[in-house]
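# A closer look at the structure
Listed below, chain by chain, are the residues.
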Amino acid sequence: PQSILENGLKITNEPPKGLRAGLERIYKSDPMTDPEFFAGCKNDPHFKNLVFGLAFFHCVVGGRRLYGPVGWNIPYAFNENDLRISQRQLRMFLDQYDEAPLAMLAYTAGECNYGGKVTDAKDRRTLMTLLEVFYNEDVMYGECALTPSGTYMVPTVGEHSSYLEYLSSLPLVEDPE
């Protein structure tokens, strides 16, 4: 009925704006808040570093939408499900293999999970280039800069709370780099 619509309240779940807000949202949501998922990986340090790089990548590709055709030639609806399945695959592969299969992880995240939505060849190349920056051997071994200024770094491996502390120290509004 119209009277209910007129007196109702509309609630939406908008993606956060900015790297800090995006990273905090990721680290405060499932599966990252599950202690068994976050701290139970066989290859724990590599997992925590790569999952941070993956979260950073997710925020960057989502942020490019704001720039219209300069960001992506075609607007894509990257969402939390792309990130969640990539996080779970990362955990699964690191539990299965002694050596981190970075090429396989990059393929599943870039070509399948995120890249499955990308239809433009130049956008696919951009997506895979961005993934190479944030999902690589340097990130896996930790404490490397994710941006040229060094403002955003892979934090020291620790407990879940130490990541939230690190994220709260990041700037609210990022400078262009």
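Please refer to the structure higher up on the page.
Residues numbered from 1 in each chain as written. Predicted model: local features only at pLDDT ≥ 70, side-chain atom pairs only at ≥ 80, totals over all residues. Heavy atoms only, no water.

This brings us to the packing of aromatic side chains. Scanning all chains against the criterion turns up 14 aromatic pairs. Note on Phe-56 and Tyr-152: the rings are 5.6 Å apart at their centroids and 55 degrees apart in plane angle, and the pair reads as tilted. With Phe-56 in helix H4 (residues 44–63) and Tyr-152 in the loop between helix H8 (137–141) and helix H9 (160–168), this residue pair connects regions lying 96 residues apart in the sequence. Tyr-152 shares its class with Phe-56; the two are buried. Ring centres of Phe-57 and Tyr-114 lie 5.0 Å apart, and the angle between their planes is 80 degrees; this geometry places the pair in the edge-to-face category. Within this pair, whereas Phe-57 is found in helix H4, its partner Tyr-114 is found in helix H6 (residues 102–114), the two being separated by 57 residues in sequence. An aromatic cluster of at least three residues, connected via ring pairs, comprises Tyr-27, Phe-38, Phe-52, Tyr-163 and Tyr-166. Across from the ring centre of Trp-72, 5.2 Å away, lies the NZ or CZ of Arg-64, which sits over that ring. (Phe/Tyr/Trp six-rings, centres within 6.5 Å; stacked < 30°, edge-to-face > 60°. Helix = DSSP H or I, 4+ residues; strand = E, 2+ residues; numbered from the N terminus. Buried < 20%, exposed > 50% of the residue type's maximum accessible area, 1.4 Å probe, protein only. Lys NZ or Arg CZ within 6 Å of the ring centre and 35° of its normal.)

Checked against the element boundaries, Arg-91 lands in helix H5 (residues 80–96). In this view, Arg-91 contacts Glu-36, Phe-37, Phe-38, Gly-40, Cys-41 and Phe-47; residues no more than four positions away in its chain are not counted. (Contact = heavy atoms within 4.5 Å.)

A separate point is unusual backbone geometry. Backbone torsion omega between Asp-30 and Pro-31 reads 5 degrees, so that peptide bond is classified as cis. Its location among the elements puts Pro-31 in the loop between helix H2 (19–27) and helix H3 (35–39). Positive phi values are uncommon outside glycine, yet Glu-143 reaches one of about 50 degrees. Within the element layout of this structure, Glu-143 appears in the loop between H8 and H9. For Glu-143, a relative accessible area of 52% puts it in the exposed group.

With that settled, the discussion passes to empty space enclosed by the protein. Tallied over the full model, the rule gives 1 cavity of 30 Å³ or more. Taken as a whole, the largest cavity spans an internal volume of roughly 30 Å³. Around the largest cavity sit Ile-26, Ser-29, Asp-30, Met-32, Glu-80, Leu-83, Arg-84 and Gln-87, which together line it. Taken together, the residues of the lining of the largest cavity break down into 3 nonpolar, 2 polar and 3 charged. (1 Å grid on protein atoms, 1.4 Å probe; cavity = no way out; pocket = protein on both sides within 12 Å on 5 of 7 lines; lining within 4 Å. Points joined across faces, edges and corners; volume = space filled by probe spheres on them. Nonpolar A, V, L, I, M, F, W, Y, C, P; charged D, E, K, R; others polar.)

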